[in-house]
Amino acid sequence: MIKLSLVLKQFEVQGKKRDAYILTPNKEWDNLTKPSSIMILRSSPDEASVYDLITAGLCELSEKYNILFVFPNPSEYDSDIAFLETINQKISCGIIDGKWSVMNDVHYIIGIDSGAGLALEFTAIHPETTAAVALIGGTMLPDITSNGSTPMPAILFNCTDTIVSYYKNINKSELETSLGALGTMYTNGLNPYHKVINITDKNINKLTNSIMREIWFNLFYTVRRINTCEKGNISERICFENCHFEKHLDDRSLGDNDGLAHTWLEHIPQCVLDNPSNPVPLVIFSHGAFDNPVKAADMSKWHEIGEKEGFITVYPLASNGINFNLNVDESAPSDVEFYLALIKYIKGKYPLDSSRVYLSGFSNGAGMSQVMAMLHPELIAAIAPIDSMWPYTIPGPFDQENFSLEKNLRPISIGLELQKKHNYRMPVWYVYGTREMEYPIYKGLGQQYQYDAWKQYNNIPVLETPEKPLDTECSIGVESETVEVLYPCKQYPDYKYSIHKFYSSDTNENYYNFVLAHGKAHDVHIVDAELAWKFISGFSRNPDGSLKQQSQ
């Protein structure tokens, strides 16, 4: 029997008390789950109406798919929009005593009867908060002129033609597919996830078990909203059950850090299963702080590139379960030791091409990819970090009291000494967004320390970063002589990258690329892994530590 926890929680909104019922599975979500949130907006504020909804299949979905359900209680007098803003923020940071935090990309809303109008209005005013919406019985279109044309995938049950037209318009979904007696689906020719499912069965007037499952499996479980433009882009969400990951949860078999338990996912492409004697590359992608391997897989989708291109993908969890040990703090578990053991394990289990081990990562994990490459360049052919604040030139969220710039720079110092001794090179494909905290870039920011280190490492002239940001479209501090502009995303053809290419003085090789993603904030774009692979896959590491150019 499924046990669930239903609590009534109060919130202060604009000086007034509001409350909402919150439903969670009565279990701990482990580090191989990605929870979602669904707000259900209803007409009645009583607890009985919540239990009526819970019987509509919410229990089973919540338990199996790790869904947090929130039931805001309506009010005639207070600002519901401000209330939903507050709830949405609390969901992201842990709505119950800091627990059950849900990433911003997988928040969803269902509106029933009068709640349908509120769901429509809230997601029109704040489309960036929600990945998709479901409306049951929506009749009125509120004043939502502020929305512009931000896409919002929707599944609509017996809504008016005006509401259907509104969602078709903002999603630019004009391709029509008949669903028979049920209704019609409209999709966008460029992005199939900009879709509107219009169900016209007049017998549907409430949330039932079958309707809840249709909402979840046909829409909510397929889309996510990523922070790669001001209001967010709609992206595909991975179906974890279909990814064929091998899961390792609290696995002590690696033997590093005195037998510390580790968690990771590994994805093996079909080509390895079909031909287990043919050596293939390895890509390790490290998650951001407070994320986990499943979240990292959904963000980057490196395993999908691996399936197509024929390489093994591994998503590790930081040794402390939160953030990677970037300054090699000896009082904490060593993630470098963990990575060494992980690479050894993969090599012993699969046909690994040891000359083609690549690292990538996001945020804190991007720092980990760079630290590992600095300390063990002989094992790594190239790296592709995304949105790193490393080496942290101001106190960060994990070491406010014990911040030490000298300690944070230690991996760079060690790495540069190794480079002097062995004359290593390390190809770097670094992605950073124009809506990131350290953009535009000027002297003293972590970005400057980071690119100065890699330029020095790769014998690229290290020019002084200006004291103030440059007044240019691509203010990355020190700009390159060669800039390539790409529009590589067919789903979002206006999405732009400015690739600043830097070349070593002795060989004139392009070993450092500062890839500026225009409009992107702290997130991973759907084409980031694909672009990174095109660059890093061109390199392999010889047994003597030198680099070899791969034929593309």
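Cut-offs used in this document
Residues numbered from 1 in each chain as written. Predicted model: local features only at pLDDT ≥ 70, side-chain atom pairs only at ≥ 80, totals over all residues. Heavy atoms only, no water. 1 Å grid on protein atoms, 1.4 Å probe; cavity = no way out; pocket = protein on both sides within 12 Å on 5 of 7 lines; lining within 4 Å. Points joined across faces, edges and corners; volume = space filled by probe spheres on them. Helix = DSSP H or I, 4+ residues; strand = E, 2+ residues; numbered from the N terminus. Expected span 1.5 Å × (residues − 1). Buried < 20%, exposed > 50% of the residue type's maximum accessible area, 1.4 Å probe, protein only. Contact = heavy atoms within 4.5 Å. Disulfide = S-S within 2.5 Å. Pairing = 2+ DSSP bridges. Axes fitted to C-alpha atoms, helices over the stretch in contact; angles between N-to-C directions. Arc of directions from axis to C-beta. Phe/Tyr/Trp six-rings, centres within 6.5 Å; stacked < 30°, edge-to-face > 60°. Lys NZ or Arg CZ within 6 Å of the ring centre and 35° of its normal. Core = buried A, V, L, I, M, F, W, Y, C linked by side-chain atoms within 4.5 Å. Lys, Arg positive; Asp, Glu negative; His and termini not counted. Salt bridge = Lys/Arg side-chain N within 4 Å of Asp/Glu carboxyl O.

1. Comments concerning empty space enclosed by the protein
For step 1, the next point in the chain: All told, the structure shown has one cavity of 30 Å³ or more when counted by the stated rule.
For step 2, the next point in the chain: Considered as a void within the structure, the largest cavity measures approximately 30 Å³ in volume.
For step 3, the next point in the chain: In terms of lining residues, the largest cavity is bounded by Ser37, Met39, Asn88, Ile91, His107, Tyr108, Ile109, Thr129 and Thr130.
For step 4, the next point in the chain: Contributing elements (two or more residues each) for the lining of the largest cavity: strand 3 (36–41), helix 2 (80–93) and strand 5 (107–112).

2. Things to note about helix 13 (residues 446–457)
For step 1, the next point in the chain: With 12 residues, helix 13 should reach 16 Å at 1.5 Å per residue; the first-to-last C-alpha distance of 17 Å fits that figure.
For step 2, the next point in the chain: Buried residues dominate helix 13, accounting for 10 of its 12 residues.
For step 3, the next point in the chain: Burial in helix 13 covers these residues: Gly446, Gln447, Gln448, Gln450, Tyr451, Asp452, Ala453, Trp454, Lys455 and Tyr457.
For step 4, the next point in the chain: For helix 13, the elements touching its buried residues are helix 10 (364–375), strand 18 (382–386), helix 12 (410–422), strand 19 (428–433), strand 21 (497–503) and strand 22 (510–517).

3. Points about the state of the cysteines
For step 1, the next point in the chain: Under the definition given, this model contains zero disulfides.
For step 2, the next point in the chain: With no disulfide of its own, Cys239 has Cys243 as its nearest cysteine by sulfur position, at a separation of 6.8 Å.
For step 3, the next point in the chain: Exposure remark for Cys239: the relative accessible area of 25% places this residue in the partly exposed category.

4. Points about unusual backbone geometry
For step 1, the next point in the chain: Omega for the peptide link from Trp390 to Pro391 comes to 15 degrees, which places this bond in the cis form.
For step 2, the next point in the chain: On the secondary structure map, Pro391 appears in the loop between strand 18 and helix 11 (405–408).
For step 3, the next point in the chain: Residue Pro440 is bonded to the preceding Tyr439 through a cis peptide linkage, with omega at -5 degrees.
For step 4, the next point in the chain: When you line up the elements, Pro440 lands in the loop between strand 19 and helix 13.

5. A word on the sheet that holds strand 21
Strand-to-strand pairing in sheets goes through backbone hydrogen bonds, with the strands running parallel or antiparallel.
For step 1, the next point in the chain: Read across the open sheet, the 10 strands follow the order 13-14-16-15-17-18-19-22-21-20; overall the sheet is mixed. Here the strands that pair on one side only, and so sit at the sheet edges, are strand 13 (246–251) and strand 20 (482–486). With strand direction ignored, the average angle separating the axes of adjacent strands in the sheet is 20 degrees.
For step 2, the next point in the chain: Relative to strand 21, strand 20 is paired through five bridges, and the arrangement is antiparallel. Following the sheet pairing, Leu486 is matched in strand 21 by Tyr497.
For step 3, the next point in the chain: Contacts between helix 10 and the sheet are confined to strand 15 (280–286), strand 17 (352–362) and strand 18, with strand 17 contributing the most and set at about 145 degrees to the helix.
For step 4, the next point in the chain: The sheet contacts of helix 14 (residues 528–536) involve strand 15, strand 17, strand 18, strand 19, strand 20, strand 21 and strand 22, and relative to strand 19 the element is tilted by about 155 degrees.

6. Quick word on helix 12
For step 1, the next point in the chain: If you check helix 12, its first and last C-alpha atoms are 18 Å apart, about what 13 residues at 1.5 Å a residue would give, namely 18 Å.
For step 2, the next point in the chain: Taken as a whole, helix 12 has its buried residues at Pro411, Ile412, Gly415, Leu416 and Gln419. One side of helix 12 holds all its buried residues, which, seen down the axis, span an arc of 130 degrees. Every exposed residue of helix 12 that faces more than 90 degrees away from the buried side is listed here: Lys420 and Lys421.
For step 3, the next point in the chain: The inward-facing, buried residues of helix 12 abut helix 10, helix 11 and helix 13.

7. Here we look at the environment of Asp113
For step 1, the next point in the chain: For Asp113, the position within the fold is in the loop between strand 5 and helix 3 (114–125).
For step 2, the next point in the chain: Since its relative accessible area comes to 40%, Asp113 is described here as partly exposed.
For step 3, the next point in the chain: With 76 residues separating them in the primary sequence, Asp113 and Ser37 have C-alpha atoms 20 Å apart.

8. Observations regarding the packing of aromatic side chains
For step 1, the next point in the chain: The final tally for this structure, using the stated rule, is 29 aromatic pairs.
For step 2, the next point in the chain: Measuring from centroid to centroid gives 6.3 Å for Phe324 and Tyr339, while their planes differ by 85 degrees, and the two rings are edge-to-face. A residue pair is termed long-range when its members are at least 10 positions apart, and Phe324 in the loop between strand 16 (312–316) and helix 9 (335–349) and Tyr339 in helix 9 qualify at 15 residues.
For step 3, the next point in the chain: Residue classification places Phe324 among the buried residues on the basis of a relative accessible area of 2%.
For step 4, the next point in the chain: A centroid spacing of 5.4 Å and a plane angle of 80 degrees characterise the contact between Tyr430 and Phe514, whose relative ring orientation is edge-to-face. Separated by 84 residues along the polypeptide, Tyr430 in strand 19 and Phe514 in strand 22 bring together distant segments of the chain. In this pair, the class of Tyr430 matches that of Phe514, namely buried.
For step 5, the next point in the chain: Grouping aromatic residues by their ring pairs yields a cluster made of Tyr65, Tyr108, Trp216, Phe217, Phe220 and Tyr221.
For step 6, the next point in the chain: In this structure, Lys168 is placed above the aromatic ring of Tyr186, and the distance from its NZ or CZ to the ring centre is 4.2 Å.
For step 7, the next point in the chain: One Lys or Arg, Lys455, reaches over the ring of Phe502 and ends 4.1 Å from the middle of that ring.

9. Looking at the nonpolar core
For step 1, the next point in the chain: In this structure, Tyr167, Leu207 and Trp302 are the most contacted members of the largest nonpolar core, which totals 119 residues.
For step 2, the next point in the chain: Per element, the largest residue contribution to this core is eight residues, and it comes from helix 1 (residues 47–65).
For step 3, the next point in the chain: Excluding residues that lie within four positions of it along the chain, Leu207 makes contacts with Ile40, Leu53, Ala56, Leu58, Ile112, Ile136, Met212 and Ile215.
For step 4, the next point in the chain: Judged by nonpolar contacts, the second largest core, of 58 residues, contains Val336, Met389, Tyr439 and Trp454.

10. Some details on the layout of surface pockets
For step 1, the next point in the chain: Looking at the largest pocket, its volume works out to about 1,000 Å³.
For step 2, the next point in the chain: Lining the largest pocket are 40 residues; nearest its centre among them are Asn104, Ala289, Phe362, Ser363 and His522.
For step 3, the next point in the chain: Looking at the lining of the largest pocket, the elements with two or more residues in it are helix 2, strand 11 (223–226) and helix 7 (293–300).

11. A word on the side chain of Glu436
For step 1, the next point in the chain: Within the element layout of this structure, Glu436 appears in the loop between strand 19 and helix 13.
For step 2, the next point in the chain: No salt bridge is formed by the buried Glu436. Its closest oppositely charged neighbour is Lys520, at 4.7 Å.
For step 3, the next point in the chain: Beyond its immediate chain neighbours, meaning those up to four positions away, Glu436 contacts Asp387, Lys520, Ala521 and His522.

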